[in-house]
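These are the residues of each chain, in order.
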Amino acid sequence: MKRRSASSPPPSSIYTKEYFLSEACEGFDAYKEGKLSTVRRRELDLLESHPGMVVLDVGCGRGDLADELVRRGVSVVAVDYAVAAVQLTADRLARRAPVVHADAARLPFRDAVFDRVLLGDVIEHLVWPSAVAALAESRRVIREPGFLLVHTAPNRWFADGVLRFLRPLLPLLGWRAAIERLSRYDDLRVDMHPNELSPLGLRRLVREAGLSGRVWIDRDVLRGGESEWARDIQGSPFWRGIASLAGNWPFRLVFGNDLYARVSRQ
């Protein structure tokens, strides 16, 4: 798959309402049912937020997580650089929280005003210099003892290694729906993902931004069996067993697909 040049960021106009309201955008099935996806629930837990805190949701998308935070009594500011995302989130939040049209690399906020900052599924959409700037900007607006939480997918080692190996096997296993989803996903990755990272890549990005913190891979490689990518697998005890093994160290370095980083204000 040929990726977009590292010096050419995706234009915000490709992130349309149709994109956000489709399976191409993570967690759409859960969204249709009024729920949070496995990834969003994981982010919610890792944020460790509570009423009285102020959380900045950078790359708010459809507003799924921002809405849940508001429902829990957390003060939220939602940000996205796609006009469609800003409109969808504003409609969902219905003036219960501010929604700002802004670039993650140039946040329009004062220093040290947020207890938490979330960059959920944002980094892979930014070219490297913008991703470095987005991390530095996120740190700038955090107040002690707050932290920045990053989630990014896919794990490049998984996408370029495991998926490439599995693709020829999928027809033999009868997983034709998975083949179609992968083809659509690969088409989108060409234009939308100039910065897919491996575990080492995410660690290097954090360091280059002048930050330090924990970087890890989620061991739940099937995302709780709820992901659209796990539909063909989770019904089989054999494949569930393989997935459970793949989530152990060090196998999840290449079989895990969800990368996280937690960076403190200090």
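Residues numbered from 1 in each chain as written. Predicted model: local features only at pLDDT ≥ 70, side-chain atom pairs only at ≥ 80, totals over all residues. Heavy atoms only, no water.

A. Spatial organisation of the overall build of the protein chain. When helices and strands are counted, the protein chain shows 13 helices and seven strands. Going through the 266 residues of the protein chain one by one, you find that 52% of them count as buried. At a minimum sequence separation of 6, the contacts of the protein chain that also span at least 24 residues come to 75%. As displayed, the protein chain offers around 12600 Å² of accessible surface, 54% of which is attributable to carbon and sulfur atoms. (Helix = DSSP H or I, 4+ residues; strand = E, 2+ residues; numbered from the N terminus. Buried < 20%, exposed > 50% of the residue type's maximum accessible area, 1.4 Å probe, protein only. Contact = heavy atoms within 4.5 Å. Areas by Shrake-Rupley, 256 points an atom, 1.4 Å probe, with all protein chains shown as cover.)

B. Layout of the side chain of Asp 67. Examined against the element boundaries, Asp 67 turns out to sit in helix α4 (residues 64-71). Side chain to side chain, Asp 67 and Arg 92 meet in a polar contact 3.1 Å long. Contact partners of Asp 67, with chain neighbours within four places excluded, come to Arg 92, Leu 93 and Arg 96. (Polar contact = N/O pair within 3.5 Å; in protein donor to acceptor, adjacent residues only side chain to side chain.)

C. Quick peek at the side chain of Arg 252. Inspection of the secondary structure puts Arg 252 in helix α13 (residues 252-255). Buried charge without a partner: Arg 252 forms no salt bridge, and the closest opposite charge is Asp 218, 7.6 Å away. In terms of polar contacts, Arg 252 uses its side chain to reach the backbone carbonyl oxygen of Ile 217, at 3.4 Å. There is a polar contact of 2.9 Å between the side chain of Arg 252 and the backbone oxygen of Gly 247. Leaving out residues up to four positions away in the same chain, Arg 252 has contacts with Asn 155, Ile 217, Asp 218, Arg 219, Ala 246 and Gly 247. (Lys, Arg positive; Asp, Glu negative; His and termini not counted. Salt bridge = Lys/Arg side-chain N within 4 Å of Asp/Glu carboxyl O.)

D. Layout of the nonpolar core. Of all hydrophobic cores here, the largest spans 35 residues; its most connected members are Leu 56, Phe 109, Leu 119, Leu 135, Leu 202 and Leu 205. Listing elements by their share of this core, those giving two or more residues are β1 (54-58), β2 (75-80), β4 (114-120), α6 (128-140), β5 (142-152), α10 (199-208), β6 (213-217) and β7 (259-264). Considering each element in turn, this core owes the most residues, five residues, to α6. For Leu 56, the contacting residues outside a window of four places in its chain are Val 77, Val 79, Leu 107, Phe 109, Phe 114, Arg 116, Val 117, Leu 118 and Val 141. Listed in part, the 21 residues of the second largest apolar core include Val 39, Leu 44, Val 55 and Ala 66. (Core = buried A, V, L, I, M, F, W, Y, C linked by side-chain atoms within 4.5 Å.)

E. Quick look at the packing of α6 against α10. In the contact formed by α6 and α10, the axes pass within 8 Å of each other and the chain directions differ by 60 degrees. Between α6 and α10, the angle is such that the two are oblique. In this structure, α6 crosses over α10, and the sense of that crossing is right-handed. Counting all contacts with α6, which are made through Trp 128, Ala 131, Val 132 and Leu 135, the residues of α10 involved are Gly 201, Arg 204, Leu 205, Val 206 and Glu 208. Residues of the contact of α6 with α10, tallied by class, amount to six nonpolar, one polar and two charged. (Axes fitted to C-alpha atoms, helices over the stretch in contact; angles between N-to-C directions. Parallel < 35°, antiparallel > 145°, perpendicular 65-115°, else oblique. Left-handed = near helix turned anticlockwise from the far one by under 90°. Nonpolar A, V, L, I, M, F, W, Y, C, P; charged D, E, K, R; others polar.)

Read these as spatial facts, not as claims about activity.
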